[in-house]
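# Overview (structure and organization)
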Protein chains: 2
Amino acid sequence: MNTRFYFDYISPYAYLAFTQLPAIEQRTGRAIELTPVLFAGLLNAHGNLGPAEIPAKRAYIIRDVLRLAHDFGVPLQTPPAHPFNPLPALRISSVIQDANLRSTIVAAIFGAVWGRGEAIDTPEGIKAALADLPLEIDELIERANTLDAKNTLRQQTERAVAKGIFGVPTILIDEELFWGVDSLRHFEHYLSHGNPFDTEQVHKWENLPSAATRRLSK
Amino acid sequence: MNTRFYFDYISPYAYLAFTQLPAIEQRTGRAIELTPVLFAGLLNAHGNLGPAEIPAKRAYIIRDVLRLAHDFGVPLQTPPAHPFNPLPALRISSVIQDANLRSTIVAAIFGAVWGRGEAIDTPEGIKAALADLPLEIDELIERANTLDAKNTLRQQTERAVAKGIFGVPTILIDEELFWGVDSLRHFEHYLSHGNPFDTEQVHKWENLPSAATRRLSK
């Protein structure tokens, strides 16, 4: 069974989790496949709101991300604008079939945008981020601009939605989801010990009646 | 400066974090004041959605909560219905001025609803939860039903909103917020080391321009 890491460059949490994958792969001996998805597409599909769309939450998250970067000892710089359009970078990362090359490209783009705070929302920005890699970069950018590449990213996002994925980063293994930086340790626990609950307990909760509904203001 | 723990009985994450407070108080030598707030009021004020309001997120959270209960080694049972009306229990917890007695009451109610899975959304449920405590329970329930008690809870919620609090559990100390179970360790780090970032870095991020807006579906 594949293990997949769903991400969007727009998310600093996805960057932070991504920086931990090599160590996790080494500890667990498990290859993790990188799957770009459009976070905005997940939000739309689930009728959810992004953290940056609630001002108080956005203010909080800035501090939380900086705390986590400190925990991990990884560099964190903010890009020139946020949110930004992640589509060109996501499509480029989607058209690469070779897992190792894809991983190298994703690392280069994440490092540029959140490690060094560079813009990656234009072809120029992406070229600069990938400048050191042995790529036919113009040809790659052209391929990422085809209908085919657009469909690939859309399908990846739709399949993620169908799996119940509502945010990034999320790791999917078997049918289990691990959402967010703090669930990385739960993912590792799952690999070695399985789930620490029984399915009955989950089903009971899933089927609880609701005894109250929030009156939505406005 | 007071340290406050903002909670609503409706949240299993608030229960999980609450179970950790005694150990944290012991390690840090710091008293944490319990402040009931209405989570639905926070959501309304910020235009936010509760996790149980997104079906995919609700499904995920059930598993996440069970994993965290396992991490902490604390019992977790689901109440007969969820969401439920937390107002009577929150108001009762708000009218007790004595910090120790309040703490005992909150522990009893949290233990009943999430530790043993009992209903606490009726006077009968609350009476059962508090049966072992030396309280004039009928008088307490009456007091919790006064306009005064209702205003106290409303004001606590409004003051929380004004402090930027958007979810439960949240710890407030100085002007710093620590939201969620996973931020408890950041709270402890803050007590001993302060913030691991400089204010300039935060302000820069807060003032970043936006280069993309999500097209909301529907």
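Residues numbered from 1 in each chain as written. Chains lettered and ligands numbered in written order. Predicted model: local features only at pLDDT ≥ 70, side-chain atom pairs only at ≥ 80, totals over all residues. Heavy atoms only, no water.

Let us now look at the overall build of chain A. Broken down by element type, chain A carries 10 helices and 4 strands. Listing each helix as α and each strand as β along chain A from the N terminus yields β-α-β-α-α-α-α-α-α-α-β-β-α-α. Over its C-alpha trace chain A gives a radius of gyration of 18 Å, about what one expects of a compact globule, namely 17 Å for 218 residues. Among the 218 residues that make up chain A, the fraction classed as buried is 51%. Counting contacts in chain A only where the partners sit at least 6 residues apart, residues at least 24 apart contribute 73% of the total. Working note: accessible area of chain A is about 10,000 Å², and carbon and sulfur atoms make up 51% of it. Both charge centroids of chain A, one from 21 positive and one from 25 negative side chains, sit 8 Å from each other. (Helix = DSSP H or I, 4+ residues; strand = E, 2+ residues; numbered from the N terminus. Rg over C-alpha atoms; globule rule 2.2 N^0.38 Å. Buried < 20%, exposed > 50% of the residue type's maximum accessible area, 1.4 Å probe, protein only. Contact = heavy atoms within 4.5 Å. Areas by Shrake-Rupley, 256 points an atom, 1.4 Å probe, with all protein chains shown as cover. Lys, Arg positive; Asp, Glu negative; His and termini not counted. Charge placed at Lys NZ, Arg CZ, Asp CG, Glu CD.)

A few words now on the environment of P134(A). Tracing the chain through its elements places P134(A) in the loop between α6 (123–129) and α7 (137–144). Residues P134(A) and P88(A), 46 residues apart in the sequence, show an inter-C-alpha distance of 19 Å.

The next thing to look at is the nonpolar core. Counting 72 residues, the largest nonpolar core has Y9(B), F110(B) and L130(B) as the members making the most contacts within it. Setting aside its immediate chain neighbours within four residues, F110(B) contacts F7(B), D8(B), Y9(B), S11(B), A14(B), Y15(B), F18(B) and G115(B). (Core = buried A, V, L, I, M, F, W, Y, C linked by side-chain atoms within 4.5 Å.)

Let us now look at the sheet that holds strand β1 (residues 3–7) of chain A. Residues and elements named next belong to chain A. Read across the open sheet, the 4 strands follow the order β2-β1-β3-β4; overall the sheet is mixed. Single-partner strands in this sheet number two, and they are β2 (32–36) and β4 (176–179). On average, each strand axis in the sheet is tilted by 25° relative to the strand beside it, whichever way the strands run. The sheet contacts of helix α5 (residues 99–115) involve β1 and β2, and relative to β2 the element is tilted by about 60°. (Pairing = 2+ DSSP bridges. Axes fitted to C-alpha atoms, helices over the stretch in contact; angles between N-to-C directions.)

Turning chain B through 180° and shifting it by 0.0 Å along the axis lays it on chain A, with an RMSD of 0.0 Å. Such a combination of rotation and displacement between the chain copies is what one expects of a two-fold axis. When the interface residues of chain B are mapped onto chain A, 100% of them again fall at the interface, so both copies present the same face. (Least-squares fit on C-alpha atoms with pLDDT ≥ 70 in both.)

Let's shift gears to unusual backbone geometry. All names here are of chain A. Cis rather than trans, the peptide bond between V168 and P169 has omega equal to -5°. Positionally, P169 belongs in the loop between α8 (147–162) and β3 (170–173). Despite not being glycine, D174 has its phi angle at roughly 50°, a positive value. Mapping D174 onto the fold places it in the loop between β3 and β4.

Residue and element names in this part refer to chain B. Buried residues dominate strand β2 (residues 32–36), accounting for 4 of its 5 residues. As paired strands, strand β1 (residues 3–7) and β2 are joined by 5 bridges and run parallel to one another. What sits directly across from Y6, in β2, is T35. One crossover worth recording links β1 to the parallel β2 by way of helix α1 (residues 12–28), and it is right-handed. (Right-handed = clockwise from strand over helix to strand, strands pointing away.)

The next subject is the pattern of salt bridges. Counted according to the given criterion, the structure contains 20 salt bridges over all chains. In this structure, the salt-bridge partner of K163(B) is E175(B), at a minimum N-O distance of 3.6 Å. Of this pair, K163(B) sits in the loop between α8 (147–162) and β3 (170–173) while E175(B) sits in the loop between β3 and β4 (176–179), and the two are 12 residues apart along the sequence. K163(B) sits in the partly exposed class, given a relative accessible area of 40%. Residues participating in the shared-partner salt-bridge network are R63(A), R67(A) and E176(B). (Salt bridge = Lys/Arg side-chain N within 4 Å of Asp/Glu carboxyl O.)

Residue and element names in this part refer to chain A. Under the 1.5 Å per step criterion, the end-to-end length of helix α1 (residues 12–28) is 24 Å for 17 residues, consistent within 8% with the ideal 24 Å. What α1 keeps buried is the set P12, Y13, A14, Y15, L16, A17, F18, Q20, L21 and I24. Two or three places before Y13, at the opening of α1, S11 has a side-chain oxygen 3.2 Å from that residue's backbone nitrogen. Once α1 finishes, G29 follows within two positions and takes phi at roughly 65°, a positive value. (Expected span 1.5 Å × (residues − 1). Polar contact = N/O pair within 3.5 Å; in protein donor to acceptor, adjacent residues only side chain to side chain.)

Another aspect to go through is the sheet that holds β1(B). Residue and element names in this part refer to chain B. Spatial strand order, β2-β1-β3-β4: 4 strands in an open sheet with mixed pairing. At either end of the open sheet lies a strand with only one pairing partner, and these are β2 and β4. Adjacent strand axes in the sheet meet at a mean angle of 25°, parallel and antiparallel pairs treated alike. As paired strands, β1 and β3 are joined by 4 bridges and run antiparallel to one another. Within β3, the position partnered with R4 by the bridge is L172. Docked against the sheet, helix α5 (residues 99–115) engages β1 and β2, running at close to 60° with respect to β2.

Contacts between the two partners involve 66 residues from chain B and, on the opposite side, 66 residues from chain A. Summing both sides of the interface, chain B and chain A together bury roughly 6,100 Å²; the carbon and sulfur share of this comes to 57%. Ranking the residues of chain B by area buried against chain A places R67(B), W205(B) and R214(B) at the top, with a combined share of 15%. Where chain B packs against chain A, one counts 8 salt bridges. Connecting chain B to chain A are 26 residue pairs in polar contact (both at pLDDT 80 or more). Residue assignment for the side of chain B that touches chain A shows that the elements contributing at least two residues are α2 (39–46), α3 (55–72), β4, α9 (184–193) and α10 (199–206) of chain B. (Buried area = accessible area lost by both parts, 1.4 Å probe.)

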